[in-house]
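# Inside the fold
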Amino acid sequence: MEKFNIAVNIGAGSKVSFELTYEELLKRHLGKYEIVIKVKPKQLVKQFEIEADIFEPQEISMLDAQASFLSGDMTQFIEKSFSGKKGRVYFNPTIDQQQTCPTCTKSFLDGDFTIKYDVKRDTLCDLQVVNKYFAQFFAPKNLKSMIKNVVFVIDISGSMAGQKIKQTRQALLKILDDIKPDDYFNFILFGGHVRAWKNSLIQATDANLQEARLFVQNFGLAGATNLNGGLLEGINILNKAHEVDPRLRNNAPIVIMLTDGEPTVGETNLTQIRMNVKNAVQGKFPLYNLGFGENVDFTFLEAMSLENNGAARRIYRDNDAAEQLRGFYEEVANPLLTDVEFQYPKASIHALTENRVKQFYDGSEIVVAGQLTDGGKKDFKAEVTGRGAGQDLVTTCLVDEEEMEKTLRERGHMFEQHIERLWAYLTIQQLLEKRTKANSKEEVNDLSAKALELSLKYKFVTPLTSMVITKPGDPDDQLAIADKPGEEGMEASSVYPTEMPEHPYFTVDGDPHFIIQVSEKDDAVCFNINEEPGVVMSLIQDPDTGITVNGQLIGDKNHGNGKNRNTYFGRLGIMNQKTGFTLEVTPQNITLLPGMKGPVFSWMDQVTLRQEGVTVTIIPTRKLIVTMDDGATMVVVLHHVWKKHPVHQDFLGLYTVDSHKMSPRTHGLLGQFFHSFDFEVFDVRPGSDPKKTDATMLVKNRRLVVTRGSQKDYRKDPWLGSDVSCWFVHNNGDGLIDGIHTDYIIPSIF
């Protein structure tokens, strides 16, 4: 189940309605599709109801609904019915039925409401084609289970002491009760050293199972964590058994590892361990990694599983941890096919999700989706092959045109979109899996860009994007962002205000005017830079955090009358050189990872995305907010000019806050003022302009003639702005900035 978090403030005594519309790809689990609804009102609810309407083109074969908070006769409150393609579940308890006792004000509605159902599977094939997209659902029935060769690799390091090892023993004992007599198995234990229960695979006879139970009940713990050694020993025993006994080669081989920490002895380099395991497995069987508790490096376990045709699962340290372990084993306990492949006419396929599966298990389902070429629907078919118990599976699947037309008439536009969005969702998930196991920064960035582009196009919330919730009638003042937590922040929730704090800030805007606010003085210093269009200038450069901001000047459309040409910043490059984050901003577009075919947004988009510790939010037609977890927050303001204006053109302004998070070595035309800046003004006197005063400024041991004036701050109002009083330093900031302004000219934006 995906988890999303959102936090909003509600006034006392006020009324609020939340409406959530979402899509979820239901996974078939132990022969059933499952929908889980968390029910936790924490009070008696006058009108409480759950209503679920189900539609399945293949027709529904069974439907059930249960609630963890209902027992005995209470289950009669749930209405369940199904017929043909439609099913319905309805739960509507009255106030009296919700009470824990006749005089209580506490509700017993506290737990999970679970709906389970399955569909009819009269044929091996369910191939659906709508417009230029197709989806194939594969879950054949009446296949014989294969004999399996399973090796359990168990962490017995000191950190497993107490409840963890107790629950592990409980789970292994239950698994031994479930192992079939024809199966083969073994245990590998790893702590500071590696120990195998037997030298080879052992058949699950009654005598061997009893001996195994005694072994599980009595093995002890052993210090450190030689994860690399334990895994390689388990893989070696499986490979060796297949070499020695040809009969075992027809079985379904599986390695299941359980650990609660990171490797501490033997090979401890995670990259090398992944390489060692991949070379040992050689793509011959799946590796399933189970991470026990919160201290495991789950990203490492997941990458290693994905590289070896398996999956990773986190086992939570709850009272039911033993059931979690056993539940996982049940999912892989009955392999039906190995080396399953779906083949389609090459001329018909424009894009295809993963079409090879190492092992297919009873009760699960394989889903393949793709995009067709023009004319690809003609004579479209699927060839499915796989190796089963005693014989191979070979079948051809065709599209049931009549049934598809009937379904389209029944469900219309919703069904048309469903197939295309299913293809997009599966593609995104598989790109993210490839990203997890990628070995280079370039590959990670490329996969991230592709996944992000699809996520934004189809509006899916992923680890790379966020869900934006706006308050009706007040869309610009505050955006609430619901993030999909990653492994490092599973309980985090965030609300990001679009209005930036008042103090302190540093800005460059207009022609271009630099404003440096000095909070200790409750005053500001400003200066202009006069340079030619096309010149690129270094604005912020922090070698410690890796954050860099550069800007390129643009000029007026027409330059005449002998006047100095106005220039503005028309292109900004915002980077974190340590994480590879790159953002290009122009008055026309906002581009993530430019040069790597990253996604491109317009200023009309309302988008929030997160990548590598950076959150980017676009407020349509107004501004862009870039928040770096370890650095400053930057606001880019878009200035629109009338398109037919004879002189001016659209330009950008840059505002920074939280600059104290940048390192003392930060430099650039703006960055040099982020730390320890002070000045003194005296000898205030009338200036050459009777409306302005001049003064002498002592700054950086220099005396400068400055003029009192004002500049515009467009953070809150990008159109009119507000006046900011400041002391203006003449001649391109000469004497205020380090060196001269031409020292900050650089060859390119990136």
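Refer to the structure presented above.
Scoring rules and cut-offs
Within any chain, residue numbers begin from 1 and follow the written order of that chain's sequence. Restriction of local features to residues with pLDDT of at least 70 applies here, the model being predicted, together with a cutoff of 80 or more for giving and counting side-chain atom pairs; totals for whole chains, interfaces and linings are based on all residues. Side-chain metrics rest on all non-hydrogen atoms present in the structure, leaving aside hydrogens and water. The helix and strand labels rest on DSSP assignments: H or I over at least four residues marks a helix, E over at least two residues marks a strand, and numbering proceeds from the N terminus. Buried means the residue's accessible area, taken with a 1.4 Å probe over protein chains only, is under 20% of the maximum for its type, while exposed means over 50%, and partly exposed covers the values in between. The contact criterion used throughout is that any non-hydrogen atoms of two residues lie within 4.5 Å. All accessible areas in this document rest on Shrake-Rupley with a 1.4 Å probe, and a residue is counted as covered only by the protein chains that are shown. What makes two strands pair is DSSP finding at least two bridges between them. Of the two site types, the cavity is a set of points on a 1 Å grid over the protein atoms alone where a 1.4 Å probe fits but cannot get out, and the pocket is an open set with protein on both sides within 12 Å along at least five of seven lines, each lined by residues with an atom within 4 Å of a point. Grid points are joined across faces, edges and corners, and a volume is the space filled by probe spheres set on the points. Lys, Arg, Asp and Glu make up the charged group, whereas Ala, Val, Leu, Ile, Met, Phe, Trp, Tyr, Cys and Pro make up the nonpolar group; the residues left over, Gly among them, are polar. Stacked, tilted and edge-to-face pairs are distinguished by plane angle, under 30 degrees for stacked and over 60 for edge-to-face with tilted covering the rest, among Phe, Tyr and Trp rings (Trp via its six-membered ring) whose centres lie within 6.5 Å. Remark: a charge is flagged as sitting over a ring if the NZ atom of Lys or the CZ atom of Arg is within 6 Å of the ring centre and within 35 degrees of the ring normal. For every element, the axis is a line fit to its C-alpha atoms; helices are fit only across the contacting stretch, and the angle between N-to-C directions ranges from 0 to 180 degrees. In plain terms, two cysteine sulfur atoms within 2.5 Å form what is called a disulfide here. What makes a salt bridge here is a side-chain nitrogen of Lys or Arg within 4 Å of a carboxyl oxygen of Asp or Glu, nothing more. One less than the residue count of a helix, multiplied by 1.5 Å, gives the span that helix is expected to have. The reported arc concerns the directions from the helix axis to the C-beta atoms and nothing else. The definition of a polar contact used here is a pair of N or O atoms within 3.5 Å, where within protein one atom must be able to donate a hydrogen and the other to accept one, and adjacent residues in sequence count solely through side-chain atom pairs.

### Considering the overall build of the protein chain
A tally of regular secondary structure across the protein chain gives 11 helices and 44 strands. The burial tally for the protein chain puts 50% of its 750 residues in the buried class. Of all intrachain contacts in the protein chain linking residues separated by at least 6 positions in sequence, the fraction that spans at least 24 positions is 64%. Element-wise, carbon and sulfur atoms account for 47% of the exposed surface of the protein chain, whose accessible area totals about 36,600 Å².

### Observations concerning the sheet that holds strand 1 (residues 28-29)
Pairing is antiparallel across the open sheet formed by 4 strands, whose spatial order is 1-2-7-4. Looking at which strands have only one partner, the edges of the open sheet turn out to be strand 1 and strand 4 (60-67). Of the pairings in the sheet, the one linking strand 1 to strand 2 (residues 32-39) comprises 2 bridges and is antiparallel in character. What sits directly across from Arg28, in strand 2, is Tyr33.

### So, empty space enclosed by the protein
Within this structure, the stated rule accounts for 3 cavities of 30 Å³ or more. Of the pockets and cavities examined, the largest cavity occupies roughly 100 Å³. Lining the largest cavity are Phe152, Ile154, Thr168, Ala171, Leu172, Ile175, Ile256, Leu258, Leu290, Leu325, Phe328 and Tyr329. Broken down by secondary-structure element, the contributors of at least two residues to the lining of the largest cavity are strand 10 (148-155), helix 2 (163-178), strand 14 (252-259) and helix 7 (321-332). Top element by residues in the lining of the largest cavity is helix 2. It accounts for 4 residues. Taken together, the residues of the lining of the largest cavity break down into 11 nonpolar, 1 polar and no charged. The calculated volume of the second largest cavity comes to roughly 40 Å³. Lining the second largest cavity are Gln58, Arg121, Thr123, Leu124, Cys125, Asp126, Phe137, Ala139 and Pro140.

### Points about the packing of aromatic side chains
Within the structure shown, the criterion is met by 27 aromatic pairs. Centre to centre, the rings of Tyr133 and Trp423 are 5.4 Å apart; their planes meet at 45°, and the pair counts as tilted. Residue Tyr133 is found in strand 9 (residues 133-138), and its partner Trp423 is found in helix 9 (residues 413-436); the two are separated by 290 residues along the sequence. Across the pair, Trp423 and Tyr133 agree in class, each one buried. Through successive ring pairs, a cluster of aromatic residues spans Phe152, Phe185, Phe187, Trp197, Phe215, Phe219 and Tyr329. Sitting over the ring of Phe219, Arg169 keeps its end group 4.4 Å from the ring centre. We note Lys521 situated over the ring of Phe679; from NZ or CZ to the ring centre the distance is 5.9 Å.

### Re the sheet that holds strand 20 (residues 366-372)
Strand order in the open sheet formed by 4 strands is 8-9-20-18, with antiparallel pairing between adjacent strands. Both outer strands of the open sheet, strand 8 (127-130) and strand 18 (349-352), are each paired with one neighbouring strand and no more. Taken over all neighbouring pairs, the strand axes of this sheet differ in orientation by 20° on average, direction set aside.

### Points about the state of the cysteines
Inspection of the entire model under this criterion finds 3 disulfides. Sulfur-sulfur distance for the disulfide between Cys125 and Cys397 comes to 2.0 Å. One disulfide, between Cys125 and Cys397, carries an S-S torsion of -70° and so falls in the left-handed class. Highlighted residues: Cys125 in the loop between strand 7 (111-119) and strand 8 and Cys397 in strand 22 (residues 392-398), separated in sequence by 272 residues. The exposure class of Cys397 is buried, given its relative accessible area of 0%. A sulfur-sulfur separation of 2.1 Å characterises the disulfide bridge that pairs Cys526 with Cys726. Around the S-S axis, the bridge from Cys526 to Cys726 shows a dihedral of about 70° and counts as right-handed. Taken together, the positions of Cys526 in strand 28 (residues 523-528) and Cys726 in strand 43 (residues 722-729) put the pair 200 residues apart, joining distant regions of the chain. The class of Cys726 is buried, set by a relative accessible area of 0%. The connectivity of the disulfides in the protein chain is 1-2, 3-4, 5-6, where the numbers refer to bonded cysteines in sequence order.

### Regarding the pattern of salt bridges
Tallied over the entire structure, the rule returns 32 salt bridges. Ionic pairing is found between Asp374 and Lys132, a salt bridge with its closest N-O pair at 2.8 Å. Placement of the pair is Asp374 in the loop between strand 20 and strand 21 (381-387) and Lys132 in the loop between strand 8 and strand 9, with a sequence separation of 242 residues. Salt-bridge contacts for Asp544 lead to Arg665; the nearest nitrogen and oxygen are separated by 2.6 Å. A residue pair is termed long-range when its members are at least 10 positions apart, and Asp544 in the loop between strand 29 (536-541) and strand 30 (547-555) and Arg665 in the loop between strand 39 (651-657) and strand 40 (680-686) qualify at 121 residues. Residue classification places Asp544 among the partly exposed positions, given a relative accessible area of 32%. Shared partners join several salt bridges into a network, and the residues in it are Arg28, Asp118, Arg121 and Glu365.

### Thoughts on helix 5 (residues 270-281)
The end-to-end C-alpha separation of helix 5 is 16 Å, in line with the 16 Å expected for 12 residues at 1.5 Å each. Here helix 5 has its buried residues at Ile273, Arg274, Asn276, Val277, Ala280 and Val281. The arc enclosing the buried residues of helix 5, seen along the axis, measures out at 165°, which places them on a common side. Where helix 5 begins, one side-chain oxygen reaches toward the backbone nitrogen of Thr271, 3.1 Å away; that side chain belongs to Asn269.

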